[in-house]
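A structural walkthrough
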Amino acid sequence: MARARSAERRAEILRATLEVIAERGYRGATLGAVAERVGLSQQGLLHYFPTKEALLVSVLEERDQWDTGGGPRSDGGWRTELLGPLVEYNAMRPGVVQTFSALLGESVTEEHPAREFFTHRYAQVRASMAAMLRAEFGERLPGGLTPERAAPLLVAVLDGLQYQWLLDPDSVDMPAAFQDFLRLLRPAAPDEPDGPGGPTHE
């Protein structure tokens, strides 16, 4: 019973943290703000999550569960057409994307508490994206790359667009830019122009 109550309390704290992030952004999501939202002292919150980083990593883990129905998959269950709506959804929650990007940037330093989470997550996501590409294109993409070689590039586009969008959302249309990238993965239709000006002939 006590364990169930503890799990419910943790879930309540994670939901409250997401609310605070949505309202105040990454920097405004302090332990004090979250504790106040759930009716705890800051010391009481530390009983469930010992540091702000631990709390935010748990929020990102929950986000993966909610977004993918169980986290990154390596069984081919993803499809490229499902990634576009996810990018659009992320564009509606800048605070969560900011939290992900800020922690990701910090995690590259040695012994950062979020480093293990991101290292493990990227390994899972690369495997998931490779399985998705193999299911859609087979052993070679139209450009000649194997799914394993293309997967890190796909992940880099997803996360790199988020940084550009956070810095200058008026100039970077993240969902549209990602759709443009997906077009690069697929072979051009026979009657499709080669570029903005169409094919050239001499």
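Further up the page is the structure itself.
What counts and what doesn't
- Residues numbered from 1 in each chain as written.
- Predicted model: local features only at pLDDT ≥ 70, side-chain atom pairs only at ≥ 80, totals over all residues.
- Heavy atoms only, no water.
- Helix = DSSP H or I, 4+ residues; strand = E, 2+ residues; numbered from the N terminus.
- Buried < 20%, exposed > 50% of the residue type's maximum accessible area, 1.4 Å probe, protein only.
- Lys, Arg positive; Asp, Glu negative; His and termini not counted.
- Salt bridge = Lys/Arg side-chain N within 4 Å of Asp/Glu carboxyl O.
- Polar contact = N/O pair within 3.5 Å; in protein donor to acceptor, adjacent residues only side chain to side chain.
- Contact = heavy atoms within 4.5 Å.
- Phe/Tyr/Trp six-rings, centres within 6.5 Å; stacked < 30°, edge-to-face > 60°.
- Lys NZ or Arg CZ within 6 Å of the ring centre and 35° of its normal.
- Core = buried A, V, L, I, M, F, W, Y, C linked by side-chain atoms within 4.5 Å.
- Expected span 1.5 Å × (residues − 1).

**Observations concerning the side chain of aspartate 159**
- By the element assignment, aspartate 159 lies in helix H8 (residues 147-167).
- Notably, aspartate 159 is buried but unbridged: the nearest opposite-charge side chain belongs to arginine 121, and the N-O separation is 5.0 Å.
- A polar side-chain atom of aspartate 159 sits 2.3 Å from a polar atom in the side chain of tyrosine 122.
- Among all residues touching aspartate 159, those that are not within four sequence positions of it are Phe100, Leu104 and Tyr122.

**Observations concerning the packing of aromatic side chains**
- As enumerated under the stated definition, the model contains three aromatic pairs in all.
- Judged by centre distance (4.9 Å) and plane angle (70°), the rings of phenylalanine 117 and phenylalanine 118 are edge-to-face. Here the two residues phenylalanine 117 and phenylalanine 118 agree in accessibility, since each one is buried.
- Through a chain of ring-to-ring contacts, three or more aromatic side chains come together here, namely Phe100, Phe117 and Phe118.
- A cation over an aromatic ring shows up here: lysine 52 above the ring of tyrosine 26, its NZ or CZ 4.9 Å from the ring centre.

**Remarks on the environment of proline 142**
- Relative to the helices and strands, proline 142 is located in the loop between helix H7 (115-137) and H8.
- Linking proline 142 and leucine 184, residues 42 residues apart in sequence, is a C-alpha distance of 9.1 Å.
- The contacts of proline 142, once residues within four sequence positions are left out, are Phe137, Leu185, Arg186 and Pro187.

**Side note on the nonpolar core**
- Grouped together as the largest cluster of nonpolar side chains are 51 residues, with contacts concentrated most on Phe118, Met129 and Phe178.
- Among the elements of the structure, helix H1 (2-28), helix H2 (31-38), helix H4 (52-68), helix H5 (80-90), helix H6 (94-107), H7, H8 and helix H9 (174-185) are those that each provide at least two residues to this core.
- It is H7 that provides the largest number of residues to this core, a total of nine residues.
- Those residues in contact with phenylalanine 178 that sit more than four places away from it in its chain are Leu83, Gly84, Val87, Leu154, Val157, Leu158 and Leu161.

**Re H7**
- Here H7 contains 23 residues, and its C-alpha end-to-end distance of 32 Å stays within 8% of the 33 Å for a straight helix at 1.5 Å per residue.
- Among all positions of H7, only Phe117, Phe118, Arg121, Tyr122, Val125, Ser128, Met129, Ala130, Ala131, Met132, Leu133 and Phe137 are buried.
- Following H7 by one or two positions, glycine 138 has its phi on the positive side, about 85°.

Purely spatial values, then, with no claim about function.
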